[in-house]
Amino acid sequence: MSVTIVSEPHEEGMHPTLPQLVRAASIIGGSCTVIIPGGNGADEASKIQGVEKVIKLNGACFSVFDSSTWSAAISGLVDGTVLMATTPIGRELSASIAAGLGRSVVQDVTSIAPGLKLERPSYSGKAVESISVSGDAVITIRPNAIESAESGGSADVSTVDSGENLKIAILEAIAKAGERLDVSEADIIISGGRGLGDQSNFEKLESVADSLGAAVGASRAVVDEWGLPHSMQVGQTGKTVTPSLYIAVGISGAIQHLAGMRSSRYILAINKDPEAPIFGVADYGIVAQWEDALPILHEAIKSLP
Amino acid sequence: MKVAVLIKQVPDTTARISISGGLVDEGSISKWTISPYDEYALEAALKLQSESGAKVVAITLGPQRSSKSLIDAAAVGADELMHVLYEGDTGSLSLQSALAAAVRKSEADIVLAGKQAADTNSGSTAPGVAQMLGLPCVGLVSEVKVVDGNFVATRSTSSGMERVSVNGPCVFAFDKGDEELRRPNVRGIMMAKKKPIESLSPADLGVSMEDGGVNVESVGYPPEKPAGQTFQGAASASEVVTKLREEANVI
Amino acid sequence: MGYEALDFYDVDSLLTDEERMIRDAVRDWVDESVIPKIENACREGVFLDEWRQELGGMGILGAPLKGYGCPGLSYTAYGVICRELERGDSGIRSFASVQGSLAMYPIWDFGSEEQKEKYLPKMASGELIGCFGLTEPDYGSNPGDMVTKAEEDDDHYILNGAKMWITNGTIADLAVVWAKLDGVIRGFIVEKGDEGFSAPEMKGKHSLKASVTSELVFQDCKIPKDRILPGVKGLRGPFSCLNNARFGISWGAVGAAQSCFDSARSYAMSRIQFDHPIAAYQLVQNKLAWMLREITKAQLLAYHLGVKKDSGEWVPEHISLAKMNNVDIALEIARVARDIHGANGILDEYPVMRHMANLESVKTYEGTHDIHNLILGRHITGIQAFTREA
Ligand SMILES: Cc1cc2nc3c(=O)[nH]c(=O)nc-3n(C[C@H](O)[C@H](O)[C@H](O)COP(=O)(O)OP(=O)(O)OC[C@H]3O[C@@H](n4cnc5c(N)ncnc54)[C@H](O)[C@@H]3O)c2cc1C
Ligand SMILES: Cc1cc2nc3c(=O)[nH]c(=O)nc-3n(C[C@H](O)[C@H](O)[C@H](O)COP(=O)(O)OP(=O)(O)OC[C@H]3O[C@@H](n4cnc5c(N)ncnc54)[C@H](O)[C@@H]3O)c2cc1C
């Protein structure tokens, strides 16, 4: 058995998901080769325990993401099961590699057990599939679903050059607009209520939201009283949202507010009143003044690996 | 120019999913719709139809009930409808082969699809079909235009947006765009009912739906969340962040 | 996303595929374009012009009429459209009823070829708005005694009189006006801008606030001869229009009732008093069960009336019964729903009080509840009881 990991290029060295993929490879068993398109972070990769070989795959084509060209460059090098991370690039590239090799692909695996027993969510998390794989497949693994492998390895690093030509040309890069995500689309929402004390404190929620890629929501009380846009209002007469994570800061959890957010997958509440009804639906409740808790929360988020 | 749009029929995203005997109970699903991202692909195809005179062929693979999504596509303006009729479950490989064969048969120049389906949530179809057709693929696209004979697409990247150009046939996988989706009008609905659907079996396309390797053993409900936990004091915030990462896996 | 309607007996499974597709299209439109905007429109007392354009764009105006750019749908489809629109607001449905059944229909059935070609395609597309002038300040339930009259004057007719309670009046490009010519009721098309014609809006309504209601005033109003509807004389003209509009109302009321039920149910599930959701109490369940019962019956009634209308095997009394019953139960459901909402029920955060106030008009217009009783009474006994004269 062998496993080939295709590690997504990353600007600052090795892609942070690589140690997790190595860990997954060790569960599958057999030799583990890491291919890094563009070659960034190969040295770091070689020091992860369990990696046998690192291939720096160099070529002009790696300046632009072009899945069909990249998969042509990569496919010849892979051996055995192929692992990638479930990122936008990982999804597209893995499917392309799989189809090119005439294999099946399993995306967004959240659990992996020996004998290639996999689990993955479907129907937007409303169901979980248990999958068994025989033979060589291409698999993407959800970031942070699996622990990282330890460091302490010393794999061989070699270089392969690819002469593949890009089929896609970039005409223009458009920087991310400063626009906020809409609460009805966001996977993480941080909402503020009257407990924030003043409208200006929403800036603090916004900076946490920026670190999380989250949208900012609000309770009706502050939408009405501070004149915030109605589109931010979560609740019965606002938006009904079902993000993976809903963070309620200084919101009491009135029934009308709960109506709009209680089906969120996880709810974190920060409120100074231990009796606040929001704690009744919270998966994680922090009883504290938000002025104290939010900076600590923000720092902890920023220092996540 | 001919544009193929790959459309999948899925349970409405608000539908409750019931599971029995290790399978999703399809009978309990009251409402089926076109998978949301596919609707953006269809909208983009209809834009190419009105702006560049393209013909739009809507293609679906699925059981009999999924022909409804083709009629819905016709109601907003799809010119041709092709149904690869297959009642069973599909693996990614056979599905992609059958769709690629259908695209070939339709003689479409470019292919638009959603970035991922609302049921399987995989996102393999567009890049897989591209590979099988020997075409490039551009993902996370919100817009495609024809500019001087090239296809110019806007796609999102980790750092923002990018306008990319492809100078020949290509597969584009659509994300949600800014475009408002058009609504069918009565005339469209009445014409849709008269539009013929070309119905083909995988065998007609020379494709076998046997797909070794990956086996969905069973489907179940996600595990129950642990009971709510309460922490006293601001300092606990960092512990909670760790739990959000490790226990809940949401950040 | 999609609104899932209360349909306990799966009555909609009896619809054709196209009827269901039309239903879904209208339903989605109501969710996206009516419900988020209706409260504001009511507060400001306006019918949004975008609604006119979008209704026209969907191609549902004048639904059951064929030819001249009209949709040519079944009456059942027309009913379904009314039901979906009225789930949003009775005012939106009123606009569509008046445009299709009261203004387009008489031109389509009784108009000259030139009139049909001139007006119908643009009315179907929403480009031109029509209204229907029958009721007068002193003649409501008995329009036969109307006093508005027309006189010949060379190549013109001169109209004098006034109509009241005219839906769409002020925003209309043309009015189908019923007036007496030599003592016989005839239909006339009066266009906005015709000499001697004005249509001031009636303000201060507590009901149908998102619908425009107006007076039509004719002071030596001069219209060309070719504006008379050649095909009908007498009360049959306006009454055949009313049959179609009433048919639509019998469906529409079900939509308003469904909206009230939905709101009451979800409120009852989430409102906790005495430690439990109020939905857990028998008295509240009784109310909800009663609503479900009446709505299901009304749905079946409307559907079967649609079948009869489409097959041509109907009499006006069939329509009277459905209009009367369905509006009656919808109004009662709105009141009970308001009660279930407690104080919240009086706020415009919830649709119930708006529906309730709207339905008061719906109960009165197109033949009051009791006029329909009298129609049925005459049908049963053979004795007319509208007047005290024999
Ligand atoms: C018909 C109707 C519809 C409604 N629809 C909605 C709706 O859609 N959405 C909605 O949100 N509401 C809605 N409401 C209003 C709802 O009932 C509540 O009034 C509202 O949600 C309260 O907002 P809040 O939680 O921000 O304020 P409050 O209830 O005032 O709660 C503030 C909370 O902040 C906490 N707090 C104060 N200071 C601090 C601090 N320094 N640190 C930490 N915590 C602190 C307090 O302990 C308290 O729990 C509706 C009401 C009605 C009648
Ligand atoms: C919002 C709105 C929009 C309208 N739009 C239009 C329109 O577009 N075009 C148009 O022509 N009209 C329109 N109308 C007018 C409507 O059709 C009349 O209001 C209706 O016909 C009733 O007439 P009325 O109001 O004069 O009441 P009346 O006829 O005075 O009735 C008052 C009461 O007396 C009862 N009654 C009357 N006669 C009898 C009887 N013989 N026996 C027992 N009870 C009786 C009635 O049932 C009612 O309860 C509209 C009305 C409203 C409220």
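Refer to the structure printed above.
Note that the structure is predicted; figures quoted are calculated from it, not measured.

1. Comments concerning the interface of chain B and chain C
On the side of chain C, 19 residues touch chain B, which itself brings 18 residues to the contact. Counting the surface lost from both chain B and chain C, the interface buries some 1500 Å², and carbon and sulfur atoms represent 61% of this. Area buried by chain B at its contact with chain C is led by B:Arg183, B:Val186 and B:Ile189, which between them contribute 38% of it. In this structure, the connection of chain B to chain C is made through two salt bridges. Of the charged contacts, one joins B:Lys193 and C:Glu18 as a salt bridge, the two residues approaching to 3.7 Å between their closest N and O atoms. At the junction of chain B with chain C, the criterion picks out two residue pairs in polar contact (both at pLDDT 80 or more). Elements represented by at least two residues in the side of chain B that touches chain C include exactly helix H2 (67-76) and helix H5 (186-194) of chain B.

2. Side note on the environment of B:Leu95
All names here are of chain B. Here Leu-95 shows up in helix H3 (residues 92-106). Taking relative accessible area as the criterion, Leu-95 reaches 17% and is therefore assigned buried. Sequence separation between Leu-95 and Leu-205 is 110 residues, and the spatial gap between their C-alpha atoms is 12 Å.

3. Let's talk about the pairing of strand E9 (residues 213-224) of chain C
With nine bridges connecting them, strand E5 (residues 156-167) of chain C and E9(C) associate as antiparallel partners. When the bridges of E9(C) are listed, C:His156 appears paired with C:Pro224.

4. Considerations on the pattern of salt bridges
With the rule as written, the count across this model stands at 49 salt bridges over all chains. B:Lys176 is the partner of A:Glu185 in a salt bridge, and the nearest nitrogen-oxygen pair spans 3.4 Å. Taken together, the residues A:Glu185 in the loop between strand E11 (169-175) and strand E12 (188-192) and B:Lys176 in the loop between strand E12 (171-174) and H5 connect one chain to another. Within this structure, C:Asp12, C:Arg23, C:Asp24, C:Arg27, C:Asp31, C:Arg83, C:Glu84 and C:Arg87 form a network of salt bridges that share partners.

5. So, the site of ligand 1
Close to ligand 1 lie 28 residues; A:Arg194, A:Ser219, A:Thr237, A:Ser252 and A:Asn271 are nearest. With respect to ligand 1, the chains having nearby residues are chains A and C. Contacts to ligand 1 include A:Gln256, whose side-chain N or O atom sits 2.8 Å from an oxygen atom. Within the side chain of A:Gln289, an N or O atom sits 2.9 Å from a nitrogen atom of ligand 1. When residues of the shell around ligand 1 are traced back to their parent elements, those giving at least two are helix H6 (220-226), helix H7 (255-261) and helix H9 (290-302) of chain A. Counted by class, the shell around ligand 1 contains seven nonpolar, 15 polar and six charged residues.

6. Concerning the nonpolar core
One finds B:Leu112, B:Phe172 and C:Leu55 to be the most contacted residues of the largest nonpolar core, which totals 96 residues. If you tally residues by element for this core, the top one is helix H1 (residues 17-44) of chain C, at ten residues. In this structure B:Phe172 touches B:Ile110, B:Val111, B:Leu112, B:Ala113, B:Val138, B:Val141, B:Val144, B:Phe151 and B:Ala153, once residues within four positions along its chain are discounted. By size, the runner-up hydrophobic cluster in this structure holds 40 residues, among which are A:Val222, A:Trp290, A:Ala300 and B:Ala237.

7. Thoughts on the sheet that holds strand E14 (residues 245-249) of chain A
If you walk across this open sheet you meet the six strands as E13(A)-E12(A)-E14(A)-E15(A)-E16(A)-E15(B), and the pairing is parallel. Each edge of the open sheet carries a strand with a single partner, namely strand E13 (215-218) of chain A together with strand E15 (229-232) of chain B. Neighbour to neighbour, the strand axes of the sheet diverge by 20° on average, direction disregarded. With four bridges joining them, strand E15 (residues 266-271) of chain A and strand E16 (residues 284-287) of chain A adopt parallel strand pairing. Across the sheet, residue A:Leu268 finds its bridge partner in E16(A), namely A:Tyr284. Of the strands in this sheet, E12, E14, E15 and E16 of chain A touch H9(A), which is tilted by about 135° from E15(A).

8. Looking at the sheet that holds strand E8 (residues 110-114) of chain B
Across the sheet, which stays open at both edges, the ten strands sit in the order E11(A)-E11(B)-E10(B)-E9(B)-E12(B)-E8(B)-E1(B)-E6(B)-E7(B)-E13(B) with mixed pairing between neighbours. With one partner strand each, in any of the chains shown, E11 of chain A together with strand E13 (197-200) of chain B form the two edges of the open sheet. Adjacent strand axes in the sheet meet at a mean angle of 30°, parallel and antiparallel pairs treated alike. Sheet topology places strand E6 (residues 55-62) of chain B next to strand E7 (residues 80-85) of chain B; six bridges connect them, and they run parallel. Within E7(B), the position partnered with B:Ile59 by the bridge is B:Met82.

Reading guide: rules and limits
Residues numbered from 1 in each chain as written. Chains lettered and ligands numbered in written order. Predicted model: local features only at pLDDT ≥ 70, side-chain atom pairs only at ≥ 80, totals over all residues. Heavy atoms only, no water. Contact = heavy atoms within 4.5 Å. Buried area = accessible area lost by both parts, 1.4 Å probe. Salt bridge = Lys/Arg side-chain N within 4 Å of Asp/Glu carboxyl O. Polar contact = N/O pair within 3.5 Å; in protein donor to acceptor, adjacent residues only side chain to side chain. Helix = DSSP H or I, 4+ residues; strand = E, 2+ residues; numbered from the N terminus. Buried < 20%, exposed > 50% of the residue type's maximum accessible area, 1.4 Å probe, protein only. Pairing = 2+ DSSP bridges. Near = heavy atom within 4 Å. Nonpolar A, V, L, I, M, F, W, Y, C, P; charged D, E, K, R; others polar. Core = buried A, V, L, I, M, F, W, Y, C linked by side-chain atoms within 4.5 Å. Axes fitted to C-alpha atoms, helices over the stretch in contact; angles between N-to-C directions.

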